[in-house]
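Descriptive analysis of the structure
For reference, the chains in residue letters:
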Amino acid sequence: MIFAASATEIAAWVKARKISAAEVLEAHIARIERHDPALNCFTDRIFGRARTEAAWVDQSIAAGKDPGPLAGVPIAVKNLFDIAGLTTRAGSKILRDNPPATADAPVLQRLQAAGAVLLGALNMDEFAYGFVTENAHDGDTHNPHDPARIAGGSSGGSAAAVAAGFAPLTLGSDTNGSIRLPAALCGIFGLKPTLHRIDRAGTFPFVDSFDHLGPFARSTADLTLAYRLMQDSDPATPAPAITPARVAVLDGWFEQGAAPDMLAAVATAAGGLGATAHATLPEAARARAAAFCISAFEGGQLHKHNLATRPQDFDPATRPRLLAGALQPAEVIYQAQRFRAWFRAEAQKLFETFDILLAPASPCTAPLLGQKTLTINGAEVPLRPNLGLYTQPISFIGLPVVAVPIAGPGLPRGVQIIAAAGREATALAAAAQLERAGIAAAPVAAL
Amino acid sequence: MNDTVAEYFDAAAALIALPVRPEHREEALAAFLVLTEQARLVTEFDLPAEIEAAPRFTP
């Protein structure tokens, strides 16, 4: 079952000529053509280009050259990444009239220069403003572990494609949780690196203050490899040892409202890392509120012209929030950005004592498609804005996070492994430790 | 309070030339009320005077 192999395994097999890049590609195409009509991960399939790229990989190997560490690895990207020849539409109808991109996004070029084979573009919430990937223009993406449920969002297609075995590696973006949340709901690994660590050129923006790019994979080895390839400089920091006394579970806001099985997942991760400490990140509710306001404001201002001239062309789920966001008073945004500096300082104090902080990635397992509400602390609240309760305060200050899937029966449950800014290697090392112990695992969904 | 918010909403839309169509107003205003509740959490917090806004322009 080549579709269940990791990127690292595929590249090794292709380079050793145990299997050709063309065979790898055709196996993945066959799985996509069979199962994607039911899951709706892909919005654009570019299999002709992919076949050309796979042939180049095979020819390179036959000529004795090394195509790179992703030799013959099928990949795909959220449809806000530029792909030469395709219009970058960021899940929207409005951008469909734009001319096609003339070049791939630089970060995509990096993966392709390492031998990756691009399958196409993946579904998302319109303009990345959502946690559900229920898209009025491109349809809903279904969770491969239970197609009646959401894949999470906004990078829902990217997460579901990896969980479904359509590609071992995909790219997405995370502004308020859009990598961590779908990774958690789809039972795979996702990395949101430190803010500004990855070049955002060639991707359609949502919120300048918080936009991050990052990879999805079914192993920490693949996640680490992709992360290294996505950067200008290779921070090949040796994996640090995890000191149990320097790992803490975040309490307060990060425990309130979470379903018991989500807290159990965090406890399992903490146990796997030998952690017994708890820590409080103060005023996390205000951090979440500030992120909420800034996101709506910057997103609303970004789309102001189209909101004024063609509001009917927005997804009905997106339009009201962008309109409202654009109208906020300057005081709110200024104070939110001041609060951001204060909150960062509070987090930095915690990292004097701890290297790793743990928190749920979501308050619950994957909700049903079309579900409108969620129970938090005994109260019924709107689903869409509340799925990111535990991710928003962290991306608000740009900290690196690995979302890890905790092994077990039932629907996937994800945990955030949070490190200090610039310490991706620490978060990845902790994730790898859980994976080696069998505590974290991302099997391909049975379709 | 909601009347004040609605008045602000309509006035701000006019001021920044962002017309909100009648068929979109109810949902947009509801979203604005949610933002107002979140904004209160931010603006009611007393920050030290020396705290600077996070984005800083570097010439």
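Here the structure is shown first, and the text comes after it.
The paragraphs below set out a description of the structure included in this document. Values in this document were obtained by computation on a predicted structure and should not be read as measured data. (Residues numbered from 1 in each chain as written. Chains lettered and ligands numbered in written order. Predicted model: local features only at pLDDT ≥ 70, side-chain atom pairs only at ≥ 80, totals over all residues. Heavy atoms only, no water.)

Scanning chain A for helices and strands turns up 15 helices and 17 strands. The globule rule puts the C-alpha radius of gyration for 447 residues at 22 Å, and the 20 Å found for chain A is close to it. Taking the principal axes of the C-alpha coordinates as reference, chain A spans close to 60 × 55 × 40 Å. Burial statistics for chain A: of 447 residues in total, 64% are counted as buried. Long-range pairs, those at least 24 residues apart, make up 76% of the contacts in chain A with a sequence separation of at least 6. Approximately 14,400 Å² of chain A is accessible, and the part contributed by carbon and sulfur atoms is 54%. Computed over 37 positive and 39 negative side-chain charges, the inter-centroid distance for chain A is 1 Å. (Helix = DSSP H or I, 4+ residues; strand = E, 2+ residues; numbered from the N terminus. Rg over C-alpha atoms; globule rule 2.2 N^0.38 Å. Buried < 20%, exposed > 50% of the residue type's maximum accessible area, 1.4 Å probe, protein only. Contact = heavy atoms within 4.5 Å. Areas by Shrake-Rupley, 256 points an atom, 1.4 Å probe, with all protein chains shown as cover. Lys, Arg positive; Asp, Glu negative; His and termini not counted. Charge placed at Lys NZ, Arg CZ, Asp CG, Glu CD.)

Strands pair in a sheet through their backbones, by hydrogen bonds, and they do so in one of two ways: parallel or antiparallel. Residue and element names in this part refer to chain A. One open sheet accounts for eleven strands, arranged 1-3-2-8-10-9-16-17-13-11-12; its pairing is mixed. Edge positions in the sheet fall to strand 1 (42–45) and strand 12 (277–279), since each of these pairs with one other strand and no more. Strand-to-strand twist in this sheet, taken as the mean axis angle between neighbours without regard to direction, amounts to 30°. With two bridges joining them, strand 9 (residues 189–192) and strand 10 (residues 212–217) adopt antiparallel strand pairing. Of the residues in strand 10, the one forming a bridge with phenylalanine 189 is alanine 217. (Pairing = 2+ DSSP bridges. Axes fitted to C-alpha atoms, helices over the stretch in contact; angles between N-to-C directions.)

Time to look at the interface of chain B and chain A. Chain B puts 32 residues into the contact, and the matching count from chain A is 38 residues. Between chain B and chain A lies a buried interface of about 3,000 Å² when both sides are counted; carbon and sulfur atoms form 73% of it. Per-residue buried area on chain B facing chain A is highest for B:Leu18, B:Leu35 and B:Val42; these three make up 19% of the total on that side. The tally of links between chain B and chain A comes to one salt bridge. Taking the shortest distance from any N to any O, the salt bridge between B:Glu44 and A:Arg286 comes out at 2.7 Å. Here chain B is connected to chain A by eight residue pairs in polar contact (both at pLDDT 80 or more). Secondary structure elements with two or more residues in the side of chain B that touches chain A: helix 1 (2–15) and helix 2 (22–43) of chain B. For the side of chain B that touches chain A, the leading source of residues is helix 2 of chain B, giving twelve residues. Of the residues belonging to the side of chain B that touches chain A, the class tally is 25 nonpolar, three polar and four charged. (Buried area = accessible area lost by both parts, 1.4 Å probe. Salt bridge = Lys/Arg side-chain N within 4 Å of Asp/Glu carboxyl O. Polar contact = N/O pair within 3.5 Å; in protein donor to acceptor, adjacent residues only side chain to side chain. Nonpolar A, V, L, I, M, F, W, Y, C, P; charged D, E, K, R; others polar.)

Residues and elements named next belong to chain A. The biggest cluster of nonpolar side chains holds 179 residues, and the ones touching the most others in it are Leu358, Phe396 and Val404. Looking at this core, the element that brings in the most residues is helix 12 (residues 330–353), giving ten residues. Look past the residues within four positions of valine 404 in its chain and what remains in contact with it is Phe189, Arg413, Gly414, Val415, Ile417, Ala431, Leu434 and Ala440. (Core = buried A, V, L, I, M, F, W, Y, C linked by side-chain atoms within 4.5 Å.)

Attention now moves to the packing of aromatic side chains. Two aromatic rings are characterised by how far apart their centres lie and by the angle between their planes. By the definition in use, this model includes 14 aromatic pairs over all chains. Ring centres 5.8 Å apart and planes at 35° place the aromatic pair A:Phe127 and A:Phe204 in the tilted group. Separated by 77 residues along the polypeptide, A:Phe127 in the loop between strand 3 (117–122) and strand 4 (134–135) and A:Phe204 in the loop between strand 9 and strand 10 bring together distant segments of the chain. For A:Phe127, a relative accessible area of 2% gives the class buried. Between the aromatic rings of A:Tyr129 and A:Phe206, the centroid separation amounts to 4.9 Å while the plane-to-plane angle is 45°, which identifies the pairing as tilted. Here A:Tyr129, found in the loop between strand 3 and strand 4, pairs with A:Phe206, found in the loop between strand 9 and strand 10; they are 77 residues apart in sequence, far enough to count as distant. Among the residues examined, A:Tyr129 registers a relative accessible area of 11% and is labelled buried. Three or more aromatic residues link up through ring pairs in this structure, and these residues are A:Phe210, A:Phe339, A:Trp342, A:Phe343, A:Phe396 and B:Phe45. (Phe/Tyr/Trp six-rings, centres within 6.5 Å; stacked < 30°, edge-to-face > 60°.)

With that settled, the discussion passes to helix 15 (residues 424–436) of chain A. The α-helix winds at 3.6 residues per turn, so residues separated by three or four positions along the chain end up facing the same way. All names here are of chain A. Look at helix 15: 18 Å from first C-alpha to last across 13 residues, which is about the 18 Å you get at 1.5 Å a residue. All of the buried residues along helix 15 are Glu424, Thr426, Ala427, Leu428, Ala429, Ala430, Ala431, Ala432 and Leu434. On the buried face of helix 15, the contacting elements are strand 9, helix 7 (220–229), helix 8 (260–272), strand 13 (356–360), strand 16 (401–405) and strand 17 (414–419). Count one or two residues on from helix 15 and you reach glycine 438, which has phi positive near 80°. (Expected span 1.5 Å × (residues − 1).)

Residues and elements named next belong to chain A. In terms of strand pairing, strand 6 (residues 142–143) meets strand 7 (residues 146–150) through two bridges, oriented antiparallel. Residue pairing across strands places histidine 142 opposite isoleucine 150, the latter belonging to strand 7. Here strand 6 hands over to strand 7 after two residues, the two strands then running antiparallel side by side.

Moving on, we get to the packing of helix 2 (residues 21–39) of chain A against helix 3 (residues 47–62) of chain A. Residues and elements named next belong to chain A. In the contact formed by helix 2 and helix 3, the axes pass within 8 Å of each other and the chain directions differ by 155°. Taken as axis vectors, helix 2 and helix 3 run roughly antiparallel relative to one another. Here helix 2 runs over helix 3; the crossing is right-handed. Across the interface between the two elements, Ala21, Ala22, Leu25, Glu26, Ile29, Ile32 and Glu33 of helix 2 pack against Phe47, Ala50, Arg51, Ala54, Val57 and Asp58 of helix 3. Tallied by class, residues from the contact of helix 2 with helix 3 come to nine nonpolar, no polar and four charged. (Parallel < 35°, antiparallel > 145°, perpendicular 65-115°, else oblique. Left-handed = near helix turned anticlockwise from the far one by under 90°.)

For A:Thr220, the position within the fold is in helix 7. A:Thr220 has contacts with A:Phe189, A:Ala431, A:Ala432 and A:Glu435, leaving out every residue within four places of it along the chain.

Close approach of charged atoms lets side chains of opposite charge pair. All names here are of chain A. Under the counting rule described, the total for this entry stands at 21 salt bridges over all chains. When the shortest N-O distance is used, the salt bridge between aspartate 104 and arginine 49 registers 2.6 Å. Placement of aspartate 104 in the loop between strand 2 (74–78) and helix 4 (106–113) and of arginine 49 in helix 3 is noted, with a sequence separation of 55 residues between them. On the accessibility criterion, aspartate 104 (13% relative accessible area) is buried. Among the ionic pairs, aspartate 97 bridges to arginine 310, the shortest N-O distance being 3.8 Å. Pair noted here: aspartate 97 is in the loop between strand 2 and helix 4 and arginine 310 is in the loop between helix 10 (304–309) and helix 11 (319–326), with a separation of 213 residues, a long-range link.

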